[in-house]
Amino acid sequence: MKIKLDGKDIECDATKTLLHICKEHGINIPTLCYQESLKPDARCRVCLVELNGKLVTSCSTLPSDGCSVITSSEKVIKARKMNVELIMAGHVKACNIDNVSHNISGMLEEIGLQGIRFDPIRDYEQDLGSAVVREDNKCINCGRCVRTCAEIQEIYAIDFASRGFNEHVAPYCEHNLADVACIKCGQCILHCPVGAIHEREHLFEVLRALKDKRKKVIVQAAPSIRATLGEEFGMPAGSLVTGKMVSALRKVGFFKVFDVDLGADITIMEEASEFLRRVGKGGPFPMITTCCPGWILMMEHFYPEMIKKDYMSTCKSPHEMLGMLTKTYFAQKEGLNPDDIVVVSIMPCTAKKFESTRPELESGVDFVLTTRECAKLIRHFKIDFANLPDEDFDSALGVSTGAGVVFGASGGVMEAALRTAYEFGTGNSVTKLEFDQIRGLDGIKTGSIIINGKEVRFAVASGGANIRKLLKDKDKYHFIEFMACPGGCIGGGGQPPHSTHETLVKRAQAIYHADAGKGLRKSHENPVVKKIYAEFLDKPGSEKAEKLLHTYYQKKSEF
Amino acid sequence: MQILKKTELAALKKAQELGAEKVIELLDKKGLVGRGGASFPTGKKWRFAFDAKADEKFVICNADEGEPGTFKDKFILENNPETLIEGILIASYVVGAKRAFIYLRGEYDYLKGNIEKVIKSVIKRSRLDVSVEIVVGAGSYVCGEETAIIKSIEGFRGQPYYKPPFPPVSGLWGKPTIINNVETLTCAAQAVLFDDWNSSLRLFSVSGCVDNPGVFELPVSVRLSKVLELAKPRGKLKALFFGCFGGCMPYVDMEMTPENVCGQDCVHGSCSVIVVDDSRSIVDLCYVIAKFFAYESCGKCTPCREGTVRVLFLMKKLKDMKATKEDLALLEELAHHIKNTSLCGLGQSATNHIITGLKHFREDFEERIL
């Protein structure tokens, strides 16, 4: 199709929106409510262009044959500016400077907004959830969070309420987010351009614990943090910063720095054994992984029948296992009083914040910090992150395998479990460690493996919408891994925000790179794991392991 | 009145004899256009849905008549629902829909029982396998907008979304859907049956400073003086408002064709005329209308959500004689901005009253300036 773009005749694809076409021709159009991963909503009216003399939103408009598009006439620029002025009128006063996830400054600069002629008039209360906090006074009604929750996660925990000027984002029936069927995945946070929705911060509590001389504050970092923390300090996506992270955390003043990868290895020992027990008994299948607290909440809210049918593995998540072992095994060994130990997890996740308060768990973890909070903590102590030397985790609970690292990406738990289950089941070693069928960023991945002559079919899904899709034919599989965030933990709700698909690809590459670089790549070969079982837990699935490392689930309301 | 002529299922029978394509051709020939305000040719709309390939199609009758000063659909729903239902059945037959909906304005809830009775009896006699369901709105003005109706029936928030795709291609639940106004569907049945059906006759809703308000059936090119003669205005005529969204103009005796009305920068719309005498100030009326739009904005797009309330604040200032020259300039800027950049018809016409008010009655505004 031929159109006129800013006076130039060009050839364009009729199925692409004007925004796309402009981008292809090097014309940058400011956007706000538009996100590549979401359907256009055309609500903010910032991406206006002139189409045959009429103002239209470029994100939602397709070209017509021979049409004329003007992207920078005075009319366009004035209209964009006015809309941004109207949008920002309410936000500016509520917004404080300390707002890490603010990503519209570029857009504002481009628009050239000077001064706002309207007074702020909104006044809402904060919705202080256990994991996710909403501040409607900062909200600019772009609807990205609402669309993320509906389109990517299919949870529908939040939607708009009221109308006109009173329109605001609200959970079901204007309840607090903590009281509705929200899975606390935090994907909304990643998409919020103004920080009106963010994690419940626990930095203050952690700082207080660090100052308390009686407390031994132990930190443990999740597998994916090492692949994403660098981004918070201006490094390119996919930078692996394991050593710097450990040394920064030590500088902050933590007593020990442990590796959740070890918890992941133990999870695999327990989960692979549980799976083999099920194979021996002939069911119940599918067995579904339980490392992801977002998925657990989704199951409890929307698929509670799975609890009765025993599809869910009973394993706690890796950081909960490690937290528990820190307070039992490690405390015992070092002669410490468990009450004096404070365990802080650095997680890519907001749902983990909720998880650590679950009564079902008797959690061993006291506080959970997201990747963003961790970066804040490091910045708080004015540590020059980029120039730190590399250090190793504390060896007591800090030795891990490649199997533990891959937990950070979607498909990783399955891959690690299969490496161990295959060897436990057959007694032979796995010839190829990489399960390529379940790597990559596809929402749903499937594969199969033969263990003792039996075909084991497995599937992996990440992102709420994909989980719902895969659940429709779950009966085809024996073993399923679910992660609530697209891409797994590397795309978690606690990660650096506004990541693109390319960012996720790079983060995943870093994770698999870390796996390949490890000498030990199977969980059951981890010497510390072996030691813990020999000295403390006996064997996977033992009575003690059941008590400390396993949990149960409870049905929750659908609304 | 032509609109009250009953078709007694003969129209449906004739439509079935003619077949879908011929019915569409007939409507094209008779020149039936949408009576809800946009004046889109009905035959053309039906053809889009007829041509669309889908396993399921829907017909929606838009009875969400929320425009202040418009009450012609109510008149039909009260006095000739049989013909309306027949129109819906004809539309369903033509496009091949098995389910049809009447989206009834929340405030017309009291009509529901009677319409249901009529639906039952008409469907029973027609022996057509079509269900007609009544969905009662919850009192939102924007739900008269076709995409908002779709969202509302689907059970979502009644908010418009951007077009294309247009409903006849992808509408209710993503299926081809035709949405027609009550008057349009009633006329469709009559146009199919009666050879002498006159497409130029429209229903005028006249209200305001008149002694005889009501619905009048008149040719679309009727002179304004003739309309007022029937309605018997009180006092000295000052202005006419075409509903809330059509804008206002000083009284000029002209033919009421859409072109002439447009010439005054107003929107003809659904032929509603609110008569204003010279005891009123346009500013006060514009303030009331601004309040209406700020209240009825759905909140989706920025200019309408944020703009209409700012317009209201400025109008309040002006009304209370606290506004400055700059405020008036900002008001005018905002008014044009909202009109030019809003998503749906509501926002695009939410400031017509101010734009036309400033054009025709600027002195009313300026005398209020501080």
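How each quantity is defined
- Residues numbered from 1 in each chain as written.
- Chains lettered and ligands numbered in written order.
- Predicted model: local features only at pLDDT ≥ 70, side-chain atom pairs only at ≥ 80, totals over all residues.
- Buried ≥ 20, exposed ≤ 12 C-beta atoms within 10 Å, placed from the backbone.
- Helix = DSSP H or I, 4+ residues; strand = E, 2+ residues; numbered from the N terminus.
- Pairing = 2+ DSSP bridges.
- Contact = placed C-beta atoms within 7 Å.
- Nonpolar A, V, L, I, M, F, W, Y, C, P; charged D, E, K, R; others polar.
- Axes fitted to C-alpha atoms, helices over the stretch in contact; angles between N-to-C directions.
- Core = buried A, V, L, I, M, F, W, Y, C linked by C-beta atoms within 7 Å.
- Domains from an automatic or database assignment.
- Parallel < 35°, antiparallel > 145°, perpendicular 65-115°, else oblique.
- Left-handed = near helix turned anticlockwise from the far one by under 90°.

1. With respect to the pairing of strand S7 (residues 237-241) of chain B
All names here are of chain B.
Reasoning step 1: Taking burial as the measure, the five residues of S7 include four buried ones, the bulk of the element.
Reasoning step 2: Relative to strand S8 (residues 248-250), S7 is paired through three bridges, and the arrangement is antiparallel. What sits directly across from Phe-241, in S8, is Cys-248.
Reasoning step 3: Following S7, the chain reverses through six residues before pairing antiparallel with S8; Gly-243 in that reversal takes a positive phi of roughly 65°.

2. Describing the interface of chain A and chain B
Reasoning step 1: Every contact between the two is made by 23 residues of chain A and, on the other side, 24 residues of chain B.
Reasoning step 2: Examining the composition of the side of chain A that touches chain B, we find that six residues originate from one element, helix H2 (residues 74-94) of chain A, more than from any other.
Reasoning step 3: Residues belonging to the side of chain A that touches chain B are distributed by class as follows: 12 nonpolar, five polar and six charged.

3. Points about the sheet that holds strand S13 (residues 287-288) of chain A
To summarise the sheet geometry, strands pair through backbone hydrogen bonds and adopt either a parallel or an antiparallel arrangement.
Residue and element names in this part refer to chain A.
Reasoning step 1: If you trace the four strands from one edge of the open sheet to the other, you get S13-S18-S17-S16, paired in mixed fashion. Strands at the two margins of the open sheet, each flanked by one partner only, are S13 and strand S16 (444-451).
Reasoning step 2: Relative to strand S17 (residues 454-462), S16 runs antiparallel, the two sharing eight bridges. Each bridged residue has a counterpart across the sheet, and for Ile-451 the counterpart in S17 is Lys-454.
Reasoning step 3: Here helix H17 (residues 464-472) sits on the sheet and contacts S16, S17 and strand S18 (479-483); the angle it forms with S17, its principal contact strand, is near 150°.

4. Looking at the nonpolar core
Reasoning step 1: Core analysis: the biggest nonpolar cluster contains 279 residues, and Ile-511 of chain A together with Cys-61, Ile-88, Ile-90, Ala-91, Ala-188 and Leu-240 of chain B have the highest contact counts within it.
Reasoning step 2: With nine residues, the single largest contributor to this core is helix H11 (residues 282-296) of chain B.
Reasoning step 3: Leu-240 of chain B has contacts with Cys-248, Met-249, Tyr-251, Val-273, Ile-274, Val-275 and Val-276 of chain B, leaving out every residue within four places of it along the chain.

5. Brief notes about the domain arrangement of chain A
All names here are of chain A.
Reasoning step 1: Under the domain assignment used here, chain A contains domain 1 (2-81), domain 2 (122-199) and domain 3 (203-549).
Reasoning step 2: Here domain 2 and domain 3 have C-alpha centroids that lie 28 Å from each other.
Reasoning step 3: Tallying the contact residues gives 17 residues for domain 2 and 24 residues for domain 3.
Reasoning step 4: For the side of domain 2 that touches domain 3, the secondary structure elements donating two or more residues are helix H4 (144-152) and helix H5 (187-191).

6. Quick look at the packing of helix H13 (residues 325-341) of chain B against helix H15 (residues 352-360) of chain B
Residues and elements named next belong to chain B.
Reasoning step 1: Two elements in contact, H13 and H15, have axes whose closest approach is 9 Å; the angle formed by their N-to-C orientations is 135°. It follows that H13 is oblique to H15 by the angle criterion. In this structure, the crossing between H13 and H15 has a hand that is left-handed. Of the residues in H15, those touching H13 at Leu-331, Glu-332, Ala-335, His-336 and Lys-339 are Ile-354, Ile-355 and Leu-358.
Reasoning step 2: A per-class count over the contact of H13 with H15 returns five nonpolar, one polar and two charged.

7. As for unusual backbone geometry
Reasoning step 1: Note that the residue after Phe-285 of chain A, namely Pro-286 of chain A, is joined by a cis bond; omega there is -5°.
Reasoning step 2: Inspection of the secondary structure puts Pro-286 of chain A in the loop between helix H9 (260-281) and S13.
Reasoning step 3: Residue Pro-164 of chain B is reached from Lys-163 of chain B by a cis peptide bond, and omega for that bond is -10°.
Reasoning step 4: Summarising the element assignment, Pro-164 of chain B is placed in the loop between helix H7 (146-154) and strand S4 (177-181).
Reasoning step 5: Of note, the phi angle at Lys-184 of chain A is positive, near 60°, even though the residue is not glycine.
Reasoning step 6: Residue position: Lys-184 of chain A is located in the loop between strand S9 (168-171) and H5.
Reasoning step 7: Under the C-beta neighbour-count criterion, Lys-184 of chain A is labelled buried, with 29 such atoms within 10 Å.
Reasoning step 8: If you check the backbone angles, Met-321 of chain B has positive phi at about 60° while not being a glycine.
Reasoning step 9: Note on placement: Met-321 of chain B falls in the loop between helix H12 (302-319) and H13.

8. A look at the packing of helix H7 (residues 225-232) of chain A against helix H14 (residues 371-380) of chain A
All names here are of chain A.
Reasoning step 1: At their nearest, the axes of H7 and H14 sit 10 Å apart, and the two run at 55° to each other. Considered as vectors, H7 and H14 are oriented oblique to each other. As for how H7 packs across H14, the hand of that crossing is right-handed. Across the interface between the two elements, Ile-225, Thr-228, Leu-229 and Glu-232 from H7 touch Thr-371, Arg-372, Cys-374 and Ala-375 from H14.
Reasoning step 2: Grouping the constituent residues of the contact of H7 with H14 by class yields four nonpolar, two polar and two charged.

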